[in-house]
Amino acid sequence: MKELAPPLEVRSQSGAYTVQFLDVGDPRSWSGLGTHVVCDAYFVPRATDAGVTTIAIEATEQGKTLEAMAPVVLDLREKGVNRDAHLVAIGGGVVQDVVTFAASIFMRGVPWTYVPTTLMAMADSCIGGKSSINVGTFKNLVGNFHPPRTVVIDTSFLKTLSAAEIASGLSEAVKICFCKGKDAFATYLALYEKEDRIPLLRHVLATKIWFIEIDEFDKKERRLLNFGHTWGHALEASTDYAIPHGLAVAVGMIAAIELSGVASEELFAHARELLRSAFAQSPLPPLDRSRFLKTFRADKKHKTDSYRLIVPQGDAVAEISVPKDEATEAKVFAALERAIGRIW
Ligand SMILES: NC(=O)c1ccc[n+]([C@@H]2O[C@H](COP(=O)([O-])OP(=O)(O)OC[C@H]3O[C@@H](n4cnc5c(N)ncnc54)[C@H](O)[C@@H]3O)[C@@H](O)[C@H]2O)c1
């Protein structure tokens, strides 16, 4: 396997691991990364043609529900996975969430290697070690930490992604850099102009590693990375996932700008460009206020007596606590409406 760029190191309390940049586009190389390949159903025909046996996962929000975990665990058992196994996961954030969770509980835990295939997963979710599992209609309600032993990135997977999926990944990437501060954001904007995505990925991952190493378990700094997510998750769930995750976060970042009154013009312009590059016209159905607020209220990041929001402040972002009442909910929803009006 050819090395495409130098590796990065993640030194987390739940495990130290490396992010390698290797040429693994050919499915025949996947078996060399572990004992059993678990992949997005999208890649199964390619793997089968190459003679590689796989365990398939449907990359849908339904596919990463708690209810969907029992069939996955049974499938692992059926395919002969045991305590000596080492899983190789090939896919985007959904496959990552499913394999993180399944690998952590199967026979009390088996090791795994992750090959992210979406830009969102390469730039953001592949490091951090979290699983996020849906329960009923509640997104990412349960989860745990079980990082892979190694992450292997090959940007050739990006060639088959839709414009919306590319914009979704870039939205999460710019969010990480904006949250770190003006230098990281300026470097992101400069690297965004380059055609080769590896330098941009190395910058974004190095920035996220800073958050993970300083606050792996979301006690303080890492919580800032929820910027855009409180609106984003509620928007996703209340529109039946009309837009990819990262783009919902991009709308959420603009809503947070609207709520805070802090202009953040460069971030607004970039997030709007990403959204418009994916959808010239808004793909969102008319907003359903009560559905949106129901999921907004259920966000696990809120406190018992106040809503917790991440909003722009100075050159970066800050966490604020606001009263849990109808007046706040009206402001939150109005900010979302204004954001959508400014984007499209
Ligand atoms: N656990 C975490 O830390 C974390 C962080 C961020 C997001 N997430 C979760 O990740 C999920 C979103 O993941 P995602 O955006 O990576 O996409 P995804 O896994 O939902 O996949 C999106 C679509 O792209 C397809 N696809 C995947 N790779 C492809 C490729 N190379 N070419 C063509 N099609 C391809 C999939 O089959 C699917 O149809 C959400 O459920 C989100 O909640 C988890």
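This is a predicted model, so every value here is computed, not measured.

Novice: I'm lost on the site of the ligand in this one. Help?
Specialist: Taken together, 23 residues lie near the ligand, and Glu61, Gly93, Asp97, Thr118 and Thr160 sit nearest. Within the contact set of the ligand, an oxygen atom lies 2.7 Å away from a backbone nitrogen or oxygen of Gly93. A distance of 2.5 Å separates an oxygen atom of the ligand from a polar side-chain atom of Thr118. Coverage of the ligand by the protein amounts to 87% of the 870 Å² it exposes when considered alone. For the shell around the ligand, the elements supplying multiple residues, two or more each, are α3 (93–105), α4 (119–125) and β8 (138–142).

Novice: Looking at this model, I keep getting lost on the pattern of salt bridges. Mind explaining?
Specialist: A pair can form between side chains of opposite charge whenever their charged atoms are brought close. On inspection of all chains with the given rule, the structure shows 18 salt bridges. The closest approach of N and O atoms between Arg223 and Glu319, which form a salt bridge, is 2.8 Å. Within this pair, whereas Arg223 is found in the loop between α7 (197–214) and α8 (229–238), its partner Glu319 is found in strand β11 (residues 316–323), the two being separated by 96 residues in sequence. The class for Glu319 is partly exposed, based on a relative accessible area of 29%. Across the salt bridge formed by Arg342 and Glu258, the nearest N and O atoms sit 2.6 Å from each other. On the criterion of sequence distance, the pair formed by Arg342 in helix α12 (residues 326–343) and Glu258 in helix α9 (residues 245–260) is long-range, its members being 84 residues apart.

Novice: Help me out: how do you make sense of the pairing of β11 in this one?
Specialist: Where a strand is regular, its side chains alternate between the two sheet faces. With 8 bridges connecting them, strand β10 (residues 306–313) and β11 associate as antiparallel partners. The partner of Pro312 across the bridge, within β11, is Val317.

Novice: I'm lost on α8 in this one. Help?
Specialist: Working note: α-helix, 3.6 residues per turn, so residues spaced by three or four point in the same direction. Judged by how many residues are buried, α8 sits mostly within the fold: 10 of 10 residues are covered. Buried residues belonging to α8 abut β8, α5 (163–180), α9, α11 (289–297), β10 and α12. Looking one or two places after α8, you find Asp240, whose phi comes out positive at around 50 degrees.

Novice: Just checking my understanding: could you explain the packing of α9 against helix α10 (residues 265–278) for this structure?
Specialist: In a packed pair of helices, the relevant descriptors are the angle between the two axes and the axis-to-axis distance. α10 packs onto α9 with a crossing angle of 145 degrees between their chain directions and a minimal axis gap of 10 Å. α10 is crossed by α9, and the crossing has left-handed handedness. Residue-level contacts link Leu247, Ala250, Val251, Met253, Ile254 and Ile257 of α9 to Leu267, Phe268, Ala271, Arg272, Leu274, Leu275 and Ala278 of α10. Taken together, the residues that form the contact of α9 with α10 break down as 12 nonpolar, no polar and 1 charged.

Novice: So what exactly am I meant to see when it comes to the nonpolar core here?
Specialist: Soluble globular proteins tend to bury their nonpolar side chains together. With 115 residues, the main nonpolar core has Tyr188 and Phe292 as its most contacted residues. Residue contributions to this core peak at 10 residues, all from α9. Not counting residues within four places of it along the chain, the set of residues in contact with Phe292 comprises Trp231, Ala234, Leu235, Ser238, Val332, Phe333 and Leu336.

Novice: Would you take a moment to explain unusual backbone geometry for this structure?
Specialist: Of all residues except glycine, most have a negative phi; of all peptide bonds, most are trans. Look at Asn140: it is not a glycine, yet its phi comes out positive at around 50 degrees. Judged by relative accessible area, which is 8%, Asn140 ranks as buried. Positioned with a positive phi, Asp240 is a non-glycine residue whose angle comes to about 50 degrees. Here Asp240 shows up in the loop between α8 and α9.

Novice: Help me understand the sheet that holds strand β3 (residues 36–40), please; the structure alone is not making it clear to me.
Specialist: Adjacent strands of a sheet pair through backbone hydrogen bonds, lying either parallel or antiparallel. Reading across from one edge, β1-β2-β9-β6-β5-β3-β4 is the order of the 7 strands in this open sheet, with mixed pairing throughout. This sheet does not close on itself; its edge strands, each paired only once, are β1 (3–12) and β4 (54–57). The mean angle between the axes of side-by-side strands here comes to 20 degrees, regardless of whether they run parallel or antiparallel. Two elements, strand β6 (residues 112–116) and strand β9 (residues 150–153), share 2 bridges in a ladder whose sense is parallel. Looking across to β9, one finds that Tyr114 is bridged to Val151.

Novice: Just to check I follow, could you spell out α3 for this structure?
Specialist: The terminal C-alpha atoms of α3, which comprises 13 residues, lie 18 Å apart, in line with the 18 Å expected from a rise of 1.5 Å per residue. Residues of α3 that are buried include every one of Gly93, Val94, Val95, Gln96, Asp97, Val98, Val99, Thr100, Phe101, Ala102, Ala103 and Ser104, and no others. Looking one or two residues past α3, Met107 carries a phi angle of roughly 50 degrees, positive in sign.

Thresholds applied
- Residues numbered from 1 in each chain as written.
- Predicted model: local features only at pLDDT ≥ 70, side-chain atom pairs only at ≥ 80, totals over all residues.
- Heavy atoms only, no water.
- Near = heavy atom within 4 Å.
- Polar contact = N/O pair within 3.5 Å; in protein donor to acceptor, adjacent residues only side chain to side chain.
- Areas by Shrake-Rupley, 256 points an atom, 1.4 Å probe, with all protein chains shown as cover.
- Helix = DSSP H or I, 4+ residues; strand = E, 2+ residues; numbered from the N terminus.
- Salt bridge = Lys/Arg side-chain N within 4 Å of Asp/Glu carboxyl O.
- Buried < 20%, exposed > 50% of the residue type's maximum accessible area, 1.4 Å probe, protein only.
- Pairing = 2+ DSSP bridges.
- Contact = heavy atoms within 4.5 Å.
- Axes fitted to C-alpha atoms, helices over the stretch in contact; angles between N-to-C directions.
- Left-handed = near helix turned anticlockwise from the far one by under 90°.
- Nonpolar A, V, L, I, M, F, W, Y, C, P; charged D, E, K, R; others polar.
- Core = buried A, V, L, I, M, F, W, Y, C linked by side-chain atoms within 4.5 Å.
- Expected span 1.5 Å × (residues − 1).

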